[in-house]
Number of protein chains: 2
Amino acid sequence: MTKRLLALPLALLAGSAAAAPPPAIAEWVAGHQREIVGEFLDLLAIPNVAADRPNIERNAAFLKAALEKRGFRAEVLPTDGNPIVWGELRPAGASRTVLIYFQYDGQPVSPKGWAQGDPFGPVVRRGKWLPGEEPGFVENARELTSFERDWRVYARSASDAKGPIMAFLAALDALRAGGLEPNVNVRVVMDGEEENGSPSLIAAIERYRERLAADQMLVFDGPAHVSGRPTLVYGCRGIHPFRITVYGPKSGVHSGNYGNWVPNPALRLAHLLASMKDDAGNVRVKGFLDEVPTPTADELALIDAVPGDEAGLLKAFGIAEPEQPGLTLQRALLRPTLNVRGMQSAFVGAQARTIIPDRAVAEMDIRTLVETPGERLVARVVEHVRAQGYHLVDAEPDDGTRARHPRLARIEVDDSPLHAFRTPMLSPESRRLAAAVERAWGAPPVEMRSMGGSVPIAPFIQALKIPAVLVPVVNYDNNQHEENENLRLGHLFDGIVTYAAVLRMRD
Amino acid sequence: MTKRLLALPLALLAGSAAAAPPPAIAEWVAGHQREIVGEFLDLLAIPNVAADRPNIERNAAFLKAALEKRGFRAEVLPTDGNPIVWGELRPAGASRTVLIYFQYDGQPVSPKGWAQGDPFGPVVRRGKWLPGEEPGFVENARELTSFERDWRVYARSASDAKGPIMAFLAALDALRAGGLEPNVNVRVVMDGEEENGSPSLIAAIERYRERLAADQMLVFDGPAHVSGRPTLVYGCRGIHPFRITVYGPKSGVHSGNYGNWVPNPALRLAHLLASMKDDAGNVRVKGFLDEVPTPTADELALIDAVPGDEAGLLKAFGIAEPEQPGLTLQRALLRPTLNVRGMQSAFVGAQARTIIPDRAVAEMDIRTLVETPGERLVARVVEHVRAQGYHLVDAEPDDGTRARHPRLARIEVDDSPLHAFRTPMLSPESRRLAAAVERAWGAPPVEMRSMGGSVPIAPFIQALKIPAVLVPVVNYDNNQHEENENLRLGHLFDGIVTYAAVLRMRD
């Protein structure tokens, strides 16, 4: 079974950069690709796994210097864990303040499976690497002055998320080269433990609250819309994983000697899951969808304007139709999900044995909305399971419990769920941001009311209580968290344009 | 998750040897425990994994000599694989001939997990070893003249199936010591590849058909009834495993980005399984139970006379009630099963990921009857799956197939099913055998119309077309096929008595 998430094919990116970029910034980028890519390769060459403290500190020092070079007052702020890189730029005449969040740590690496061997030995490749292809790396990449838009930089954190850092630094350079400065006060917070859930950053909020104060928060992280168009994301769903275990006999028993007599937990789990969500994709857990809000007509107009090549997605995923034919992807994201993300009972394949298994396990996740917190939805699933006749235990059942209850199950809730957040799409701050991006590109950005997914930074956003918007710029098919992580250079160059525009938001 | 089949607790064996054994044979056994156990330990010390040809040949030579010592004409017969040990004893005046089947190979071993270290270094233990207990082996076991009935010999093949071989050899010795011989002609066939499915034996049937001819076949293998009473088994269910794969997206996709939109194969498999067998344990596949025969009143009387400590079994298995409360275990075995023996979709536990899995797999097994062959039952499952709207593929689906069919599944049928066999319980041969055992023990044996399980020897029985009955003597909780395989000495000693009685069947 493949362990890989599906990467979207390049064909879906054909719409990249649908509108023309603004001449001044784009021209500067075109003329300075060597410097931009060079500094990016330098940054990527510093290993940044959160547990590797000496290298984390090298990253922090590099980033502090990079900010200072752009006129920022910068500091490396201690926390209980990895340091925060903080910086501030106060241009003359700016009144409003934006806080921009970045992460500088990356996912742990296993060099096996990387075409280049070393995930911290960044390389440039002519296009996307597909399994089985030759590496095809560009030689002497640092000496080139121009790079094709479809070429990619391969390294850990190329997209998640040193790419956005580099786009931001280059945007500052581009503005300066044109004699411009941001017209907002810019505060920067760079997190060194995002891939661990940002514990030290969140713990340090009180200590540094004054340095983090702002009118608006921007998160420069995540992939842009699959169309490649500039993208604003006003929120994300939360995630609340839990596990259901249905108990059978204490240990597997012989399917011949006891088949038809000892109850089968895999079959019981099948009935339980089937009772939760019908075969047409409708959740049947009582109350699960009760508090789901209906978007306003104006919001719905923006939601329905999100471009969606659904035919292309179906083809890429290899499915004939969505779970509920007729429901668009964007409208599907307006609801919480109830998803089976994994399931196991005894063994399959060569290890399969002729038994009635001792248990069956389903790993579930619920994607939540602000209005439907995970705690409440899980409680409704618990009620549903009880209503199917199950006695719920909170530990492995003992003999007495087994003897008393024909149907036994356990529900274990993940202790680190991520909460949803959502900033109103139609607030003045949100419209100001959208207008800035639209001015730069001559076309409106893709505006998403909420990502389908979840971000570890949600608790940070909640704690700061600053309206937050994600401004993602990297390519969707970046192999984030996997081997062969990459950033498409066209996305990097366009990201510089977008970030420069954001830094010049009009009041 | 435990990989172990449930071993029944000793408490269930309390009824062992309910009737008094016949004095002459039992007395001889009591007085010759040292010789019996000693020869048994010698036999167990020869490794007998089928792939280990040199040791397989040492076993064959040992067994040939052991038969010759008991007056048999014995041969080691070549096959395409491991040799057959064959022997014949033609007592004066005997007219009928029984063919007795044994296996002399054992399951592959992994020393890890064996309390004694070496599975081929047999040891005697004071009672059953339970996980966490000290080994408690008996020192100098070969020098003892008497062993407690609850003591056990631990070694690979102790029960499966060198124990029955030893019981048979000692039964011949016991008869001789009393001046008796079998009153039937005895042919012995010892299989060296049973754990591989006996391919070479079955292929050699034509070559040795004359040597295998007999009026009745007895299979000296398998565990006796859990009560410990002498047991006759007139057949077994077949087993027909198959695998159902329900396809989702080509690879796992992000449960946040696409949850509620990309169909979930784990949920679909849950619905499919739930449609096959309802939550009360009734198979809902059309026609699945159509040809199941109704036993005659006389058969039913024997079936219902099988002792069953169902309360004890429920307790041992840790379940509150059977799948269909009110259905006895023996009556449950009269039907074919539809069992989920394994299930998997993506991952559970620490490896779980927030995805919509690419596929969900259920490993199934059907236990078949002579009247309901597996091919026919699987065909009905296939029809059922199609009736749920699935398009079935016979290989991984290609893009075109994926685009055309919203529901895609694959059913792969195991290419080495085992067939059922059944010898009439009420035939003269069957009654003669039962009468011999009853005479020896002063009480009727447990007579089972069919085992719930399946035996690899079924095709051999089918090919020979000789009415076959299993005469199992080893303890149920013998850890067959697992680490710490063992034979309870009380069962070995009682087995000698039972086999001696069988060899003295009256015409």
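Residues numbered from 1 in each chain as written. Chains lettered and ligands numbered in written order. Predicted model: local features only at pLDDT ≥ 70, side-chain atom pairs only at ≥ 80, totals over all residues. Heavy atoms only, no water.

As a further point, take the packing of aromatic side chains. Counting across every chain of the model gives 16 aromatic pairs over all chains. For the ring pair B:Phe168 and B:Phe220, a centre distance of 6.2 Å and an interplane angle of 70° mean the geometry is edge-to-face. Placement of B:Phe168 in helix 4 (residues 162–177) and of B:Phe220 in the loop between strand 7 (216–219) and strand 8 (231–233) is noted, with a sequence separation of 52 residues between them. Exposure class is identical for B:Phe168 and B:Phe220. Each is buried. Each residue in the set A:Phe72, A:Phe102, A:Phe168, A:Phe220 and A:Tyr499 is aromatic and connected to the rest through ring pairs, giving one cluster. Between A:Arg211 and the ring centre of A:Trp86, over which it is positioned, the NZ or CZ distance is 5.5 Å. (Phe/Tyr/Trp six-rings, centres within 6.5 Å; stacked < 30°, edge-to-face > 60°. Helix = DSSP H or I, 4+ residues; strand = E, 2+ residues; numbered from the N terminus. Buried < 20%, exposed > 50% of the residue type's maximum accessible area, 1.4 Å probe, protein only. Lys NZ or Arg CZ within 6 Å of the ring centre and 35° of its normal.)

A word on the domain arrangement of chain A. Residues and elements named next belong to chain A. In terms of domains, chain A is made up of domain 1 (28–236 + 420–502) and domain 2 (238–292 + 335–413). The distance between the C-alpha centroids of domain 1 and domain 2 comes to 40 Å. In this complex, domain 1 contributes seven residues to the contact, which on the side of domain 2 involves seven residues. Together domain 1 and domain 2 conceal approximately 500 Å² of surface at their shared face, both sides included; 47% is due to carbon and sulfur atoms. Looking at the side of domain 1 facing domain 2, the largest losses of area belong to Ala-420, Arg-422 and Ser-454, adding up to 80% of the total buried there. The interface formed by domain 1 and domain 2 contains one salt bridge. For Arg-422, the salt bridge is made with Glu-371, and the minimal N-O distance between the two is 2.6 Å. Our enumeration of links across domain 1 and domain 2 arrives at four residue pairs in polar contact (both at pLDDT 80 or more). Of the residues in the side of domain 1 that touches domain 2, the class split is three nonpolar, three polar and one charged. (Domains from an automatic or database assignment. Contact = heavy atoms within 4.5 Å. Buried area = accessible area lost by both parts, 1.4 Å probe. Salt bridge = Lys/Arg side-chain N within 4 Å of Asp/Glu carboxyl O. Polar contact = N/O pair within 3.5 Å; in protein donor to acceptor, adjacent residues only side chain to side chain. Nonpolar A, V, L, I, M, F, W, Y, C, P; charged D, E, K, R; others polar.)

Looking now at the sheet that holds strand 5 (residues 152–154) of chain A. Residues and elements named next belong to chain A. Spatial strand order, 4-5-20: three strands in an open sheet with antiparallel pairing. Only two strands of the sheet have a single neighbouring strand rather than two, namely strand 4 (123–125) and strand 20 (486–488). In this sheet, neighbouring strand axes are inclined to one another by 25° on average, regardless of whether the strands run parallel or antiparallel. Strand direction decides the pairing type here: strand 4 and strand 5, joined by three bridges, are antiparallel. Each residue of the ladder has a partner; that of Arg-125, found in strand 5, is Arg-152. Together, strand 4, strand 5 and strand 20 form the strand contacts of helix 16 (residues 489–502), whose direction differs from that of strand 20 by roughly 65°. (Pairing = 2+ DSSP bridges. Axes fitted to C-alpha atoms, helices over the stretch in contact; angles between N-to-C directions.)

A:Ala161 follows A:Asp160 through a cis peptide bond whose omega is 5°. Within the element layout of this structure, A:Ala161 appears in the loop between strand 5 and helix 4 (162–177). Positive phi outside glycine occurs at B:Asn484, with the angle close to 60°. Turning to its location among the elements, B:Asn484 is positioned in the loop between strand 19 (468–470) and strand 20 (486–488).

Turning our eyes to something else, we now look at the interface of chain A and chain B. Chain A puts 93 residues into the contact, and the matching count from chain B is 93 residues. Note on chain A versus chain B: buried area summed over both sides is about 8,200 Å², and carbon and sulfur give 59% of it. Here chain A is connected to chain B by four salt bridges. Among the salt bridges present, the one from A:Asp279 reaches B:Arg407, with a minimum N-O distance of 3.0 Å. Applying the counting criterion to the chain A and chain B interface returns 42 residue pairs in polar contact (both at pLDDT 80 or more). For the side of chain A that touches chain B, the residue count by class is 44 nonpolar, 24 polar and 25 charged. Relative to strand 12 (residues 339–346) of chain B, strand 12 (residues 339–346) of chain A runs antiparallel, the two sharing five bridges. Bridged to A:Gly342 within strand 12 of chain B is B:Ala346.

So, about the relation of the copies chain A and chain B. The two copies are related by a screw operation: chain A maps onto chain B through 180° of rotation and 0.2 Å of translation along the axis, at an RMSD of 0.2 Å. Expressed as an axis order, the relation between the two copies is that of a two-fold axis. (Least-squares fit on C-alpha atoms with pLDDT ≥ 70 in both.)

Let us look at the pattern of salt bridges. Taken as a whole and assessed by the stated rule, the structure comprises 68 salt bridges over all chains. By sharing partners, the salt bridges in this structure join A:Arg73, A:Glu75, A:Glu88, A:Arg90, A:Arg187 and A:Arg211 into a single network.

Next up on the list: the sheet that holds strand 14 (residues 359–368) of chain A. Within the open sheet, the 10 strands sit side by side as 15(A)-16(A)-10(A)-14(A)-12(A)-12(B)-14(B)-10(B)-16(B)-15(B). Their pairing is mixed. At either end of the open sheet lies a strand with only one pairing partner, and these are strand 15 (391–393) of chain A together with strand 15 (391–393) of chain B. Ignoring strand direction, the axes of neighbouring strands in this sheet form an average angle of 25°. Pairing of strand 10 (residues 238–247) of chain A with strand 14 of chain A, which is carried by 10 bridges, proceeds in the antiparallel orientation. Across the sheet, residue A:Phe242 finds its bridge partner in strand 14 of chain A, namely A:Met364.

All names here are of chain A. Close contact between helix 8 (residues 265–276) and helix 12 (residues 374–387) brings their axes to 11 Å; oriented N to C, the two are set at 125°. Regarding the angle of helix 8 to helix 12, the classification is oblique. The handedness of the crossing between helix 8 and helix 12 comes out as right-handed. Taking contact as the criterion, the partners of Leu-272, Ser-275 and Met-276 in helix 8 are, on helix 12, Val-381, His-384 and Val-385. Taken together, the residues of the contact of helix 8 with helix 12 break down into four nonpolar, two polar and no charged. (Parallel < 35°, antiparallel > 145°, perpendicular 65-115°, else oblique. Left-handed = near helix turned anticlockwise from the far one by under 90°.)

All names here are of chain B. Examined against the element boundaries, Ser-430 turns out to sit in helix 14 (residues 428–441). When its relative accessible area of 0% is taken as the criterion, Ser-430 is described as buried. If near-sequence neighbours (up to four positions away) are discounted, Ser-430 is found in contact with Gln-216, Tyr-234, Thr-423, Pro-424 and Met-425.

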